Each structure stands twice: as structure tokens, then as C-alpha cells.
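# Understanding the architecture of this molecule
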Amino acid sequence: MAKKKTNAQLKKQLWKVFSVYIRTRDKMVCFTCGRKGEGSGIHAGHFIPKSIGGLVLYFHESNVHAQCYHCNINLGGNSYIYGQKLGEKICKELYALKNQITKDYPFEEKIAYYKEKLSKL
């Protein structure tokens, strides 16, 4: 019988497929500066940082977009430009979700969901 994966292992597995989906969805083009990248030069960057956004925003498609290394790391997410490009309405919606408590996050369902979405891109 297979050992049940921990939430930390499932979160890591979900991030792997989710970040590939985001970068593929955005065609490896930085959302904030428009640079085209490849491989590790393009990240899945958060508008509201994952450290303060909670699980809902960690894996929220409107909160995560492809970003080049420079914008995501050197400019700390380039949040001013990021917010401008998202627009006021989406920014408000995302901030309303910030730190929303989630019990029993559906990691396995989300992994299957993003694998399926990725296969259709």
C-alpha cells in the first residue's frame, strides 16, 4: 500500500504543475515587462506574495503570472507595474481573498485539474 503524501509534499507537487501551467499559459512572456524568456529565466510570479497571501492566493490564476527573473527577483515582483496591468478591480478582488483560511485544501484535485488544463494548451 502506498504511503499517503503529506500536505507539504502535495503542495510542492501542485506548485510544480501549476507553475508550468502559468508559464505555458503566458507563453513564457513576462507579465510586467514583456520580455520573452525560457527555462529558469521565466518564473511564475505572484502579485500578492505567497508568504502573505495564504493558500488561496498561492494557487490563484489571477494572482500568478509569468515573470522574468529580473522583475520577479531583482524587482521583488515589480508590484507597482503588476498591479497596474491587473487593474483596480482584480487587485481589490485579490486583496479581499488575502489570508482567507482554508481547511483541507484540495491539493490532489488541483494537481489533476492543472495537469488536465496543461494538456489542453
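Residues numbered from 1 in each chain as written. Predicted model: local features only at pLDDT ≥ 70, side-chain atom pairs only at ≥ 80, totals over all residues. Heavy atoms only, no water.

### Considerations on the overall build of the chain
This is how the line gets drawn: For the purposes of this entry, the term helix denotes a DSSP run of H or I that reaches at least four residues, the term strand denotes a run of E that reaches at least two, and both are numbered from the N terminus. We compute the radius of gyration from the C-alpha atoms alone; for a globule the expected value is 2.2 Å times N to the 0.38, where N is the number of residues. Only protein chains enter the accessibility calculation, which uses a 1.4 Å probe; a residue whose area is less than 20% of its type maximum is buried, one above 50% is exposed, and one in between is partly exposed. By definition in these notes, contact holds between two residues if any of their heavy atoms fall within 4.5 Å. Accessibility throughout is a Shrake-Rupley quantity obtained with a 1.4 Å probe, and a residue counts as covered only by protein chains that appear here. By the counting scheme adopted, Arg and Lys are positive, Glu and Asp are negative, and His together with the chain ends is not counted. Charge coordinates come from a single atom per side chain, which is NZ of Lys, CZ of Arg, CG of Asp or CD of Glu.
A tally of helices and strands in the chain yields six helices and two strands. Sequence-ordered secondary structure for the chain, helices as α and strands as β, is α-β-α-β-α-α-α-α. In terms of overall dimensions, the chain is globule-like: its C-alpha atoms have a radius of gyration of 15 Å, near the 14 Å expected for 121 residues. Based on the C-alpha atoms only, the size of the chain along its principal axes is roughly 50 × 30 × 25 Å. Expressed as a percentage of its 121 residues, the buried residues of the chain come to 38%. Counting only contacts in the chain whose residues sit at least 6 apart along the sequence, the fraction spanning at least 24 positions is 72%. Total accessible area on the chain stands at roughly 7,600 Å², and carbon and sulfur atoms take up 55% of it. For the chain, the centre of its 21 positive side-chain charges and the centre of its 9 negative side-chain charges are spaced 5 Å apart.

### Examining the environment of Tyr114
Within the secondary structure, Tyr114 is located in helix 6 (residues 107–119). Tyr114 sits in the buried class, given a relative accessible area of 3%. Counting along the chain gives 86 residues from Tyr114 to Met28, while the straight-line C-alpha distance between them is 17 Å. Each residue touching Tyr114, except ones within four places of it in the same chain, is listed here: Leu14, Val17, Phe18, Tyr21, Phe59 and Glu61.

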